[in-house]
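Observations on chain architecture
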Amino acid sequence: MHTPLVSCQWLFDQFNNPDLIILDCSPASNKSNLIPEFTSIKIKGARIFDTENIFVDTENEVPNMFPSEAKFTKECQKLGINNKSIIVVYDNLGIYMSPRVWWMFKTMGHNNVSVLDGGLSAWKHLKFPSEKYKQEAFTKGNFKAVYHSNYVYNASFMLKNITSKACDVVDARSSGRFLGELPEPRKNMQSGHIPNAKNIPFRTVLENGFMKPKEELKKIFNEVLQSNKPLIFSCGSGVTACIILLASELISETPKSLYDGSWVEWGLGNKFPVDK
């Protein structure tokens, strides 16, 4: 498959495929003040992919960072995921957390993964089958992660990139936060952005919980980016950056990566240069 985005109808048509694994990564809360239409229910047969407590590096002082290759392998196996699994990931905020999980799987070497366009709300409005959350155990899978280090960059690389300008940095936060005109939602954070970064707020690529059409996405990106350099995506904590990354993947073959630490790392204290 290897299609970044799939429709609810496509997923419903694949429902009886034995290799299909549906993952629900709905967050318990979010910094974008989005309110889910549906809570405590999931797509029938979906498995809970917990990005806040399990699929995260709990030992890193920077919050919300990718887990290690070994931890990702172990936890995916617990969910019954196999190397040949066709994975579709969604959340209950339309498209919000699901692109991060999509990119996490891509970073860990599993390309057969897609985001569900419209998420849980779109699925429910089509009256496709759903069920309440429940505790489940699965037959152990044989999934094996293979970490692609060029898919995720750290602060050291980002600092060098300010001078080298080898990559274009795209920030998915609101223009007010990017320009330093609005305070950050987290305490002790500077306002502003990484020097030379460009701004494409994540909401600009979405419409009613769906990804905008490709022609509209091309226009949005072309207005901001004039080069063909590799792209690095950033945001507040590495979540909404992946929404913009997904949008870019739909329209461009340019190499892409994520600055996982994003503003929670860069904007804390005075360790790194900030522009306003």
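Scroll up to find the structure.
How each quantity is defined
- Residues numbered from 1 in each chain as written.
- Predicted model: local features only at pLDDT ≥ 70, side-chain atom pairs only at ≥ 80, totals over all residues.
- Heavy atoms only, no water.
- Helix = DSSP H or I, 4+ residues; strand = E, 2+ residues; numbered from the N terminus.
- Rg over C-alpha atoms; globule rule 2.2 N^0.38 Å.
- Areas by Shrake-Rupley, 256 points an atom, 1.4 Å probe, with all protein chains shown as cover.
- Lys, Arg positive; Asp, Glu negative; His and termini not counted.
- Charge placed at Lys NZ, Arg CZ, Asp CG, Glu CD.
- Axes fitted to C-alpha atoms, helices over the stretch in contact; angles between N-to-C directions.
- Parallel < 35°, antiparallel > 145°, perpendicular 65-115°, else oblique.
- Left-handed = near helix turned anticlockwise from the far one by under 90°.
- Contact = heavy atoms within 4.5 Å.
- Nonpolar A, V, L, I, M, F, W, Y, C, P; charged D, E, K, R; others polar.
- Salt bridge = Lys/Arg side-chain N within 4 Å of Asp/Glu carboxyl O.
- Buried < 20%, exposed > 50% of the residue type's maximum accessible area, 1.4 Å probe, protein only.
- Phe/Tyr/Trp six-rings, centres within 6.5 Å; stacked < 30°, edge-to-face > 60°.
- Lys NZ or Arg CZ within 6 Å of the ring centre and 35° of its normal.
- Pairing = 2+ DSSP bridges.
- Polar contact = N/O pair within 3.5 Å; in protein donor to acceptor, adjacent residues only side chain to side chain.

All right, on to the overall build of the chain then. In terms of helices and strands, the chain carries nine helices and 14 strands. Scaling as 2.2 N^0.38, a compact globule of 276 residues should have a C-alpha radius of gyration of about 19 Å, and the chain matches this with 18 Å. Taking the principal axes of the C-alpha coordinates as reference, the chain spans close to 50 × 40 × 35 Å. Here the chain displays about 13000 Å² of accessible surface, and carbon together with sulfur accounts for 49% of that area. For the chain, the separation between the mean place of its 32 positive charges and that of its 28 negative charges on side chains is 2 Å.

This brings us to the packing of helix α3 (residues 98-107) against helix α8 (residues 241-251). Packing of α3 against α8 leaves a shortest axis separation of 8 Å and a crossing angle of 70°. The orientation of α3 with respect to α8, classified from their angle, is roughly perpendicular. α3 and α8 meet at a crossing whose hand is left-handed. Residues P99, R100, W102, W103 and K106 of α3 form the contact with α8, whose participating residues are C242, I243, L245, L246 and E249. Looking at the contact of α3 with α8 residue by residue, the class counts come to seven nonpolar, no polar and three charged.

Attention shifts here to the pattern of salt bridges. Here the idea is simple: oppositely charged side chains can pair when their charged atoms come close. All chains considered together, the criterion is met by 13 salt bridges. Where E136 meets K42, a salt bridge forms, and the shortest distance between an N and an O atom there is 3.5 Å. With E136 in the loop between β7 (130-132) and β8 (152-153) and K42 in strand β3 (residues 41-43), the pair connects residues that are 94 residues apart, well separated along the chain. Residue classification places K42 among the buried residues on the basis of a relative accessible area of 0%. Note that K218 and E215 form a salt bridge whose closest N and O atoms lie 3.5 Å from each other. With a gap of three residues between them, K218 and E215 both fall in helix α7 (residues 214-224), about one helical turn apart. The class for K218 is partly exposed, based on a relative accessible area of 35%. In the salt-bridge network here, residues are joined through shared partners; they are K42, E131, K134 and E136.

Inspection of every chain in the model, using the stated rule, returns 18 aromatic pairs. Chaining the aromatic ring pairs together yields one cluster made of F49, F55, F72, F105 and F143. Stacked on the ring of W263, the Lys or Arg R173 has its end atom at 4.3 Å from the ring centre.

Now for the sheet that holds strand β2 (residues 20-24). Taken together, the five strands give an open sheet; going across it, the order is β1-β6-β5-β2-β4, and neighbouring strands pair in parallel fashion. The outermost strands of the open sheet, each flanked by one partner alone, are β1 (5-6) and β4 (47-48). Strand direction decides the pairing type here: β2 and strand β5 (residues 86-90), joined by five bridges, are parallel. Along β5, the bridge assignment pairs I21 with I87. Running at roughly 180° to strand β6 (residues 113-116), α3 makes contact with β2, β5 and β6 of the sheet.

Attention shifts here to the side chain of S114. Within the secondary structure, S114 sits in strand β6. Note on S114: relative accessible area 0%, which makes it buried. Among the polar contacts made by the side chain of S114, one reaches the main-chain carbonyl oxygen of T3 at a distance of 2.3 Å.

The strand order across the open sheet built from five strands is β8-β14-β13-β9-β10, with neighbouring strands paired in parallel fashion. Since the sheet does not close on itself, it has two edges, and those belong to β8 and β10 (198-199), each with one partner. In terms of strand pairing, strand β13 (residues 231-234) meets strand β14 (residues 256-259) through three bridges, oriented parallel. Paired with F233 across the bridge in β14 is L258. On top of the sheet, α8 reaches β9 (168-171), β13 and β14; it is set at about 175° to β14, its chief contact.

Attention now moves to the environment of K140. Among the secondary structure elements, K140 is positioned in the loop between β7 and β8. The exposed category is assigned to K140, whose relative accessible area is 64%. In this structure the C-alpha to C-alpha distance between K140 and M189, which are 49 residues apart in sequence, comes to 42 Å. Sequence-distant contacts of K140, that is, excluding residues within four places in its chain, are made with Q77 and G80.

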